[in-house]
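Observations on the model geometry
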Amino acid sequence: MEKLSLSIVDVRRLVFGDMLYCNALNKCLWLILFGVAALGSQPLASEPGLSPQAKPLVVTSIKPLTLIANEIAGDLIEIRQLLPDGEIPHHFAIRLSQHRLITNADLLLWVGEGMEAPLAATIERARNSDTITASGLAGISTPAMSIADQHIWLNPENGLVIARALVTALGEKYPVYANRLTGNLAIFAERVQDLETELDTLFAQSTINCIAEHDAYRHFAANFPSLRILGSLYDQSGILVGPRELARVYGHKQVDCLVSETPRPSAQVINLASKLGVNVVTVDPLGASGESRVYTDLIREVAAGFSACNSSE
Ligand SMILES: [Zn+2]
């Protein structure tokens, strides 16, 4: 059989989509036979040299996952991100274009309902693509008392778990890429290891006590006993914590800084910072405003933000 310029999506549409319109039994049978034969030659459509449109489509939800996917398979597949970098993943209105991307994805990578809640219903309904729900992967570590904090990628070990899951899923779907995916994973793992050594040194120096605007940093801080998140003012949904928790947070005396996700902290943060006489530093867990092109640089930006906390007087 000659090479087919059909992607798996085309074949799926041909077999299942066009079947709805076929009006003669023999035409349906022909479509099925043709589709099965084409499925057997699936990797051909993805071979280097074919048009970019023939590349498998991996859809990611947010920037940290996009960076991981890029490093693992950016040279082999097309990667599209659902949410614009600056959009808050916890609450947004899903658009038709995002709905379409989810439906068309050959593989979908998201954190999970606890992070990108508005995507949950569409992903559940779509069911037509393989989905990696990162928060549900075996091996993802969650620090005690932080079940609500789903910013799991801030722990580089979790980044590695997500990268491995991607390699496994893509390697199974597109065996022709397996070796290159494994090679990319080895480079990724090396970068993570270097980063961890670097951060261990950075945070071994002194103790940082901070209060976060948004409960987003526990997966990062859990790696460093010297970095203490004393509390947060807002929960994951952006709702101010209850009066009891607020009183507890306000009661802290040993605070080095307040941590805001953007350079525009809320009035609540500005208030508390002035009451405590400390600075506000910006630590963006999504890397939205940063220039990071690789995952480990995003984590470095986060680390640099917390380091600024220590140097603020
Ligand atoms: Zn968040």
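Residues numbered from 1 in each chain as written. Predicted model: local features only at pLDDT ≥ 70, side-chain atom pairs only at ≥ 80, totals over all residues.

**Overview of the overall build of the protein chain**
Condition: Where helices and strands are cited, they refer to DSSP runs of H or I of at least four residues and of E of at least two residues respectively, numbered from the N terminus. Exposed residues have 12 or fewer other C-beta atoms within 10 Å of their own C-beta, buried residues have 20 or more, and residues in between are partly exposed; the C-beta atoms are placed from the backbone. Throughout, a pair of residues is in contact if the C-beta atoms placed from their backbones lie within 7 Å.
Counting its regular elements, the protein chain contains 11 helices and 8 strands. Every one of the 313 residues in the protein chain was classed for burial, and the buried ones make up 37%. Considering only intrachain contacts with a sequence separation of at least 6, the fraction spanning at least 24 residues in the protein chain is 58%.

**Overview of the environment of Arg 191**
Within the secondary structure, Arg 191 sits in helix H7 (residues 178-202). A sequence separation of 104 residues divides Arg 191 from Tyr 295, and the C-alpha atoms of the two residues are 9.1 Å apart. Setting aside residues no more than four positions away along its own chain, Arg 191 makes contact with Val 294 and Thr 296.

**Things to note about the sheet that holds strand E6 (residues 227-234)**
Here is the rule we go by: Here the rule is simple: two strands pair whenever DSSP picks up at least two bridges between them. A fitted line through C-alpha atoms represents every axis, and for helices the fit uses only the stretch in contact; the resulting angles, taken between N-to-C directions, go from 0 to 180 degrees.
An order of E6-E5-E7-E8 is seen for the 4 strands of this open sheet, with the pairing classed as parallel. A single partner strand is all that each edge strand has here, and the edge strands are E6 and strand E8 (279-282). Ignoring strand direction, the axes of neighbouring strands in this sheet form an average angle of 30°. For strand E5 (residues 208-214) and E6, the ladder comprises 6 bridges, and the chain directions are parallel. Its bridge partner being in E6, Ile 208 is matched across the sheet by Leu 227. Strands E5 and E6 of the sheet are contacted by helix H9 (residues 243-250), whose axis makes an angle of about 140° with E6.

**Here's the deal with the pairing of strand E2 (residues 78-81)**
What counts, and what does not: For a crossover, the right-handed case is the one in which the path from the first strand over the helix to the second runs clockwise, viewed with the strands pointing away from the viewer.
Across the two faces of E2 the burial differs, with Ile 79 and Gln 81 buried and Glu 78 and Arg 80 not buried at all. The sheet contact formed by strand E1 (residues 57-60) and E2 spans 4 bridges and is parallel. Residue pairing across strands places Val 59 opposite Arg 80, the latter belonging to E2. With respect to chirality, the unit in which E1 leads through helix H3 (residues 63-73) into the neighbouring parallel E2 is right-handed.

**Remarks on the sheet that holds strand E3 (residues 107-110)**
One open sheet accounts for 4 strands, arranged E2-E1-E3-E4; its pairing is parallel. Whereas interior strands pair on both sides, the edge strands pair on one side only; in this sheet they are E2 and strand E4 (130-133). Taken pair by pair, the neighbouring strands of this sheet meet at an average axis angle of 20°, ignoring direction.

**Description of the packing of helix H6 (residues 156-173) against H7**
Just so we agree on the cut-off: Roughly parallel means an angle under 35 degrees; roughly antiparallel means over 145; roughly perpendicular covers 65 to 115; every other angle is labelled oblique. Put simply, Ala, Val, Leu, Ile, Met, Phe, Trp, Tyr, Cys and Pro go in the nonpolar bin, Asp, Glu, Lys and Arg in the charged bin, and everything else, Gly too, in the polar bin.
Contact geometry of H6 with H7 gives a least axis separation of 10 Å together with a crossing angle of 180°. Judged on the interaxial angle alone, H7 and H6 are roughly antiparallel. Touching Pro 156, Gly 159, Leu 160, Ala 163, Arg 164, Val 167, Leu 170 and Gly 171 of H6 are Ala 178, Leu 181, Thr 182, Leu 185, Phe 188, Ala 189, Val 192, Leu 195 and Glu 196, all from H7. When grouped by side-chain class, the residues that make up the contact of H6 with H7 number 12 nonpolar, 3 polar and 2 charged.

**A short note on the packing of H3 against H7**
A pair of packed helices is captured by two measures, namely the crossing angle of their axes and the spacing between those axes. Packing of H3 against H7 leaves a shortest axis separation of 7 Å and a crossing angle of 125°. Compared by their axis directions, H3 and H7 come out oblique. Between H3 and H7, the contacting residues are Glu 71, Ile 72 and Ala 73 on the first element and Leu 181, Asn 184, Leu 185 and Phe 188 on the second. Among the residues making up the contact of H3 with H7, the classes are represented as 5 nonpolar, 1 polar and 1 charged.

**Brief notes about the nonpolar core**
The test is simple: Only buried Ala, Val, Leu, Ile, Met, Phe, Trp, Tyr and Cys residues enter a nonpolar core, and they are joined through C-beta atoms within 7 Å. The split of the chain into domains comes from an automatic or database domain assignment.
Grouped together as the largest cluster of nonpolar side chains are 72 residues, with contacts concentrated most on Ile 72, Leu 109, Leu 166 and Cys 210. When residues of this core are assigned to domains, at least three fall in each of domain 2 (52-199) and domain 3 (201-311). If we ignore the near neighbours within four places in the chain, the residues touching Cys 210 are Ile 229, Leu 230, Val 255, Asp 256, Cys 257, Leu 258, Val 259 and Cys 309.

**Quick look at the confidence of the model for the protein chain**
Keep this limit in mind: The predictor rates its confidence in each residue with pLDDT, a number between 0 and 100.
Per-residue confidence for the protein chain gives a mean pLDDT of 83; residues scoring 70 or more make up 81%. Per-element averaging of pLDDT across the protein chain places helix H2 (residues 25-40) at the bottom with 38 and H3 at the top with 98. Predicted confidence is poor over residues 1-50, with pLDDT under 50, and the contacts of this stretch with residues over four places away or in other chains come to 45 contacts.

**A word on H6**
Note the following rule: Each helix should span, by expectation, one fewer than its residue count multiplied by 1.5 Å.
Relative to the 26 Å expected for 18 residues at 1.5 Å per residue, H6 spans 26 Å between its end C-alpha atoms, a close match to the ideal helical length. The complete set of buried residues in H6 reads Pro 156, Asn 158, Gly 159, Leu 160, Ile 162, Ala 163, Ala 165, Leu 166, Val 167 and Leu 170.

**Here we look at the environment of Ser 289**
Within the secondary structure layout, Ser 289 lies in the loop between E8 and helix H11 (295-311). Separated by 203 residues in the primary sequence, Ser 289 and Gly 86 have C-alpha atoms spaced 7.3 Å apart.

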